[in-house]
Structure formats: structure tokens, C-alpha cells
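Single-letter residue listing:
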Amino acid sequence: MRDLNSQSQPQSSILLEWYDQHARSLPWRISPADRAAGVWPDPYRIWLSEVMLQQTTVAAVKDYFHRFTSRWPTVADLAAAPDADVMAEWAGLGYYARARNLLKCARVVAQDYGGIFPNTYDGLIALPGIGPYTAAAISAIAFDRQATVLDGNVERVMARLYDIHVPLPTSKPQLKEKAAALTPAERPGDHAQAVMDLGATICTPRNPACGICPWRTPCAARAAGTATELPKKTPKKPKPTRIGIVYLARSAAGDWLLEQRPDKGLLGGMLGWPGSDWTDSPDSPAPAPPFEADWQLLNAEVRHTFTHFHLILRVMLAELPAEFAAEENQRVIARHDFKPTDLPTVMRKAFDLWKGC
């Protein structure tokens, strides 16, 4: 294996020269030219983008980022927003615990820090919803701290650069050590973004463009012919399938019955259709519907995949009584106030099935 550590500064310089020419244009990013001219990134925008990007692609995040920053341009604006409005704007991004932690963090920054994010890793990681990766990313990108940022792109680049065949996640500490050794004291924020850009645009999971890579000469996997095999990953266990029921009830006037889910758990705090627990057994007894009616089974099923399991939902339909008395966790949404786009994706799939029947 080639020893890159002794050449870490020259290799970083080569990468930064490439980044200066090929950096992606992203709505939360300060370009290398602007950064060199003394423009600093907005920590709020960096934090928001990093939370949104967890388990989500850049392409999927861009529109959400624009909507959030247009509606809540500062952390204080977001901190003052009603929970329901933020959760509605988040709908479709998934991993809804992130949205709840987003609000918690915004309110701590606004109330305890005067709307100014801490500028150190230790200060950032103490905030709600900010873990080691996010703290490192914000401290490097927003504050130019010499922090090691290790996302999936960086893991792939390091595994190939050093021809590391230990599978993920076991190899994470080794990959982080290698990435840390290459992080320069000057322009560490640009360096962190450069490695991520390299992984996203050149050192891609399939068919990496090794011939135009700025690190093609020192890349051990390229020399060994193993780049396309890396990084190796421990095989995942098959996902189980869970089953449930949702009840869609609409009044003659077009009003809908929705239910606010508990704060904890999947879709926590989100509005959705009343329904059952999601169980592994198809023989589990069906829960009582939200009211007595002639419920009809829709001849189609919702199919959705979460991180750890597949979900199949049967859809039951009935007319909502005009004088229905909603329980504490239920809301009757008037026709003109109902927005399907405010629903979580799995719940919107049920609405789309109803609409198409």
C-alpha cells in the first residue's frame, strides 16, 4: 500500500486545485472564489442542509431547502414557527425525528445562544439532534475548523485511495483515521467539501471516472484494479414486512378526518390517517375503526419501504358524519385547508389510491 500520509499536504493541495475549478454549485454553499474573497457561509444554512441531507440525496433536498429558507430565513424565524407548519413542510423528506430535532435545536440556539450557532465541534454536538458527523460538517464547512467529515462519499474515496478491503461499518474508524490524516490546517472546510464532491461526481459507486480523478496517481485501488469492488459492506439482513390498516373518512362536504401520531416513533408528530399498529403478523386482530360506519375495503394496497422494514397497508373507506365529534388526537380538516402534500409519503400514497379509485 502506498504511504499517502507523508504526502498529505501535497495531496490536499491537488484536491483543492481541482475543487476550485469543479466545485458543485449548491444553494447552501459558498463557492471557493467567494470563500477566498472573505465570504463566510451562513451556519444556519449549513446546519439546515446537513440535517436535511441525512439519509437523503442532494437532488431531493434542494427544493425543500429553498422552501424552508424562503419561509424561515433565519434560525430565529424557524424557532418561532409552529410545529405543525414545520412538519408539514418536511413531509416527504422522511425520517421525521429529524424535523422534531430541527425545531428543538433551532429553539435552543435562538433562546440560549442568541440565535448564533456555537463555532466549535464540542459546542455543536451539545445541541439537540446534532451527532458527531453533523457537528464535524458544520464546524468544518461553516467555521473552517480542522474537523474530519466522514459521509458515504468520503468513506468510498478513502477505501479506494488506500485500497481498504475491511467491510463497512467495521472499517469506519480506519477510514476516519485516513481522512483525518489528509485534512489540511488551511482551508479544511473547502477540503471537506472537495472530498465529498470527488465522491459524488468522479469516485462514484459504479463506474468511477478514474482517468480524470485528481487523486488517480496515489490511488492504491486504481493501481491494484480493485476500485469498483470498494468499499466492501457487511451483507444486510433481509427486511421484514409489516402489515396495517388505514381508515380514510371524508364528509359529504369534502372534509377529512386525520389523526396526529404520537411524538415518538416513526412519523412522530405528523398528521396522518387513523389506523392500526403495524405488525409482523397478518393474523393480528383489526383495530376498531374511528367510528361506526359501512367501511369499504379499497381494492388496492399501500406499499412503502422504511429503513428497516417493508410496509403493506390495507385502505378502508367510509363517509365521515357531518356532526362527527373528534377525539383529542384527531382533527377534521376542512376541504379548503386539506393539502395532500402535507402528509407523510406513506399516507399520501393512501390518498392517491383513494383518488384513483
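Note that the structure is predicted; figures quoted are calculated from it, not measured. (Residues numbered from 1 in each chain as written. Predicted model: local features only at pLDDT ≥ 70, side-chain atom pairs only at ≥ 80, totals over all residues. Heavy atoms only, no water.)

*Asks:* What is the right way to look at the overall build of the chain in this model?
*Replies:* Within the chain one finds 14 helices and 6 strands. Each principal axis of the C-alpha distribution contributes one length, and for the chain these read about 75 × 45 × 30 Å. When burial is assessed residue by residue, the chain has 47% of its 357 residues classed as buried. Look at the contacts in the chain between residues 6 or more apart in sequence, and 69% of them connect residues 24 or more apart. Here the chain displays about 18000 Å² of accessible surface, and carbon together with sulfur accounts for 50% of that area. (Helix = DSSP H or I, 4+ residues; strand = E, 2+ residues; numbered from the N terminus. Buried < 20%, exposed > 50% of the residue type's maximum accessible area, 1.4 Å probe, protein only. Contact = heavy atoms within 4.5 Å. Areas by Shrake-Rupley, 256 points an atom, 1.4 Å probe, with all protein chains shown as cover.)

*Asks:* It is not clear to me how the pattern of salt bridges should be interpreted in this structure. Could you clarify?
*Replies:* If charged atoms from side chains of opposite charge come close, those side chains can pair. Tallied over the full model, the rule gives 12 salt bridges. The shortest N-O distance in the salt bridge between Glu301 and Arg303 comes to 3.3 Å. Judged by its relative accessible area of 40%, Glu301 is partly exposed. Three or more residues are tied together by salt bridges with common partners; here these are Arg67, Arg71, Asp85 and Glu89. (Salt bridge = Lys/Arg side-chain N within 4 Å of Asp/Glu carboxyl O.)

*Asks:* Looking at this structure, I do not really get the nonpolar core. What am I missing?
*Replies:* In summary, soluble globular proteins display a tendency toward joint burial of nonpolar side chains. In terms of nonpolar packing, the biggest core is built from 95 residues, with Trp47, Phe117, Met158, Trp215 and Trp273 touching the most fellow members. Contacts of Trp273, omitting those with residues within four sequence positions, involve Val246, Tyr247, Leu248, Trp256, Leu257, Leu258, Glu259, Phe338, Leu343, Met347, Ala350 and Phe351. (Core = buried A, V, L, I, M, F, W, Y, C linked by side-chain atoms within 4.5 Å.)

*Asks:* So what exactly am I meant to see when it comes to the environment of Gly272 here?
*Replies:* Considering the arrangement of structural elements, one finds Gly272 in strand β3 (residues 271-272). Its relative accessible area of 1% is what places Gly272 among the buried residues. Taking the C-alpha atoms as reference, Gly272 lies 6.3 Å from Leu343; in sequence the two are 71 residues apart. Excluding its chain neighbours within four sequence positions, the residues that come into contact with Gly272 are Leu258, Glu259, Leu343 and Met347.

*Asks:* Just to check I follow, could you spell out helix α10 (residues 152-161) for this structure?
*Replies:* The α-helix winds at 3.6 residues per turn, so residues separated by three or four positions along the chain end up facing the same way. In terms of burial, α10 is a largely internal element, 9 of the 10 residues being buried. Considered for burial, the residues of α10 that qualify are Asn153, Val154, Glu155, Arg156, Val157, Met158, Ala159, Arg160 and Leu161. The inward-facing, buried residues of α10 abut α11 (172-182), α12 (188-201) and α13 (220-224). Looking at where α10 begins, the residue whose side-chain oxygen comes 3.1 Å from the main-chain nitrogen of Asn153 is Asp151. Following α10 by one or two positions, Asp163 has its phi on the positive side, about 55 degrees. (Polar contact = N/O pair within 3.5 Å; in protein donor to acceptor, adjacent residues only side chain to side chain.)

*Asks:* Please clarify how unusual backbone geometry should be interpreted in this entry.
*Replies:* Both trends apply: most residues other than glycine have a negative phi, and most peptide bonds are in trans. Going from Leu168 to Pro169, the amide bond is cis rather than trans, its omega being 5 degrees. Looking at the secondary structure, you find Pro169 in the loop between α10 and α11. Following Leu230, the chain continues into Pro231 via a peptide bond in cis, with omega recorded as -5 degrees. A positive phi angle, close to 55 degrees, is found at Asp163, a residue other than glycine. Mapped onto the elements of the fold, Asp163 is located in the loop between α10 and α11. For Arg187, which is not glycine, the phi dihedral falls at a positive 55 degrees. Following the sequence through the fold, Arg187 ends up in the loop between α11 and α12.

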